[in-house]
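# Observations on the three-dimensional arrangement
Spelled out from the first residue to the last, the chains are:
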Amino acid sequence: MKRSWNPAVWVGFALVLIGALSYQYFFIRFPVTRDFPWANLLIFAIALALLALGLYRAFHRPDAYRGKIIGSILAALSVFITGFFLFVVFIFARQVPPSAGAPKVGAVAPDFTVADSLGHPVELSELLNSPFRTNDWPSDGPGASKANGLVLIFYRGYW
Amino acid sequence: MADFNARGIRVAAVSVDTPEESEHLRKVAGYSFLILCDDHDELIRRWDLVHPRMGPDGKDIARPAEFILDSAGKVRWVKLTDDILIRARPEEVLHEIDSLHLSRASSN
């Protein structure tokens, strides 16, 4: 009898990869799936269940299903990938310093001077007081009045 | 960005990347707005926004944070996330700008 290629193992592993990558590239866009990654956890749960089913078939019905070796390898990889995802999302990503000394609501923001991406020095007071038209930098022409406010976004950097 | 333009709100992003790295990002990502380069870490230290040793080669970098300042430079809204995956999205910032009546108050 020709043995099945045991699709549960392969589909399960594919789902693990989808579960690991879809958070960063898709689910993180939506607060409902970003703040708690329930969609990814659901994908991982289905994936691991399929892998368990595939391994069960491979070891208990080897006459009908392939996958003893490759299934074991993919299952081990899947457990590692799932564990890595859980570590990143629930432990690593939450190790952010408290920043108790950051400017607080109601305080006047301390002035600063840093370079723009062309290397030209820019002061906070310049951002607040220079004429503003649009956020096209630095090519936009002068506006009629200064900006109504400033959004400052600190990010981790593009390495 | 059009929504920020319409409200007269300037937007600037800040990281510890060099001007060369930031300009590369602007071109690759197609960003038109201002990117500030705190490559000597002076601003993030002064504002207590350092995430120690989290950059390449153990370099200090900025922790994610968002501030809204009014036209007088007063801080009107702050988001200091405790999870680097959860940051303010543009619609959240726009909502806060509207709640603070920044564009209306300053335009009058």
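That block above? That's the structure.
This report concerns the structure included in the present document.

## A few points about the overall build of chain A
In terms of regular secondary structure, chain A is built from 5 helices and 5 strands. Seen in sequence order, chain A has helices and strands lined up from the N terminus as α-α-α-α-β-β-α-β-β-β. Its C-alpha atoms give chain A principal-axis dimensions of roughly 80 × 35 × 30 Å. By residue count, 31% of the 159 residues in chain A fall in the buried class. In chain A, 48% of the contacts between residues at least 6 apart in sequence involve partners at least 24 apart.

## Re helix H1 (residues 7-25) of chain A
Residues and elements named next belong to chain A. Over its 19 residues, H1 runs 26 Å from end to end, which matches the ideal 27 Å to within 8%, given 1.5 Å per residue. Those residues of H1 lying buried are Ala8, Val9, Gly12, Phe13, Leu15, Val16, Gly19 and Tyr23. Those residues of H1 that are buried are in contact with helix H3 (38-60) and helix H4 (68-90).

## Focus: the interface of chain A and chain B
Contact residues are listed per partner, giving 50 residues for chain A and 67 residues for chain B. Secondary-structure elements contributing two or more residues to the side of chain A that touches chain B are strand E1 (113-116), helix H5 (124-129) and strand E5 (149-154) of chain A. No other element matches the 6 residues that E5(A) contributes to the side of chain A that touches chain B. A breakdown of the residues in the side of chain A that touches chain B according to their chemical character gives 32 nonpolar, 10 polar and 8 charged.

## Observations concerning the nonpolar core
Formed by 40 residues in total, the largest nonpolar core has its most connected members in Leu152(A), Phe154(A), Ala12(B), Val14(B) and Leu36(B). Those elements that place two or more of their residues in this core are H5 and E5 of chain A together with strand E1 (9-15), strand E2 (34-37), helix H3 (42-46), strand E4 (61-62), strand E5 (65-70) and helix H4 (90-99) of chain B. Not counting the four nearest positions on each side in its chain, Val14(B) is found in contact with Leu152(A), Ile153(A), Phe154(A), Leu36(B), Asp38(B), Leu43(B) and Ala62(B). Formed by 15 residues, the second largest nonpolar core is a distinct cluster that contains Val9(A), Leu15(A), Phe44(A) and Leu50(A).

## Overview of the sheet that holds strand E6 (residues 75-79) of chain B
The pairing of strands in a sheet comes from backbone hydrogen bonds and takes either a parallel or an antiparallel form. Ordered in space as E2(A)-E1(A)-E2(B)-E1(B)-E5(A)-E5(B)-E6(B), the 7 strands form an open sheet in which the pairing is mixed. Since the sheet does not close on itself, it has two edges, and those belong to strand E2 (121-123) of chain A together with E6 of chain B, each with one partner. Ignoring strand direction, the axes of neighbouring strands in this sheet form an average angle of 30°. In the sheet, E5(A) pairs with E1(B) via 6 bridges, with the strands oriented parallel. Paired with Leu150(A) across the bridge in E1(B) is Arg10(B). In this fold helix H2 (residues 19-29) of chain B packs onto E1 of chain A together with E1 and E2 of chain B, with an angle of close to 160° to the strand it touches most, E2(B). In the packing of H4(B) onto the sheet, contacts are made with E5 of chain A together with E1, E5 and E6 of chain B, and the angle to E5(B) comes to roughly 25°.

What counts and what doesn't
- Here the residue numbers are simple positions, counted from 1 along each chain's written sequence.
- Labels follow written order: the first chain is A, the first ligand is 1, and so on.
- Residue-level local features of this predicted model are given only where pLDDT is at least 70; pairs of side-chain atoms are given and counted only at 80 or more, and the full residue set underlies all totals for whole chains, interfaces and linings.
- Numbered from the N terminus, helices here are DSSP runs of H or I no shorter than four residues, and strands are runs of E no shorter than two.
- Our exposure labels follow a C-beta count within 10 Å of each residue's own C-beta, placed from the backbone: buried means 20 or more other C-beta atoms, exposed means 12 or fewer, and partly exposed covers the counts in between.
- Whether two residues are in contact is decided by their C-beta atoms, placed from the backbone, lying within 7 Å.
- A helix is expected to span 1.5 Å multiplied by its residue count minus one.
- Under the scheme applied here, ten amino acids are nonpolar (Ala, Val, Leu, Ile, Met, Phe, Trp, Tyr, Cys and Pro), four are charged (Asp, Glu, Lys and Arg), and all others, including Gly, are polar.
- For this entry, the nonpolar core is defined as buried Ala, Val, Leu, Ile, Met, Phe, Trp, Tyr and Cys residues connected by C-beta atoms within 7 Å.
- One requirement defines pairing of two strands: DSSP has to find at least two bridges between them.
- All axes are obtained by fitting lines to C-alpha atoms, using only the stretch in contact for helices, and the reported angles, taken between N-to-C directions, cover 0 to 180 degrees.

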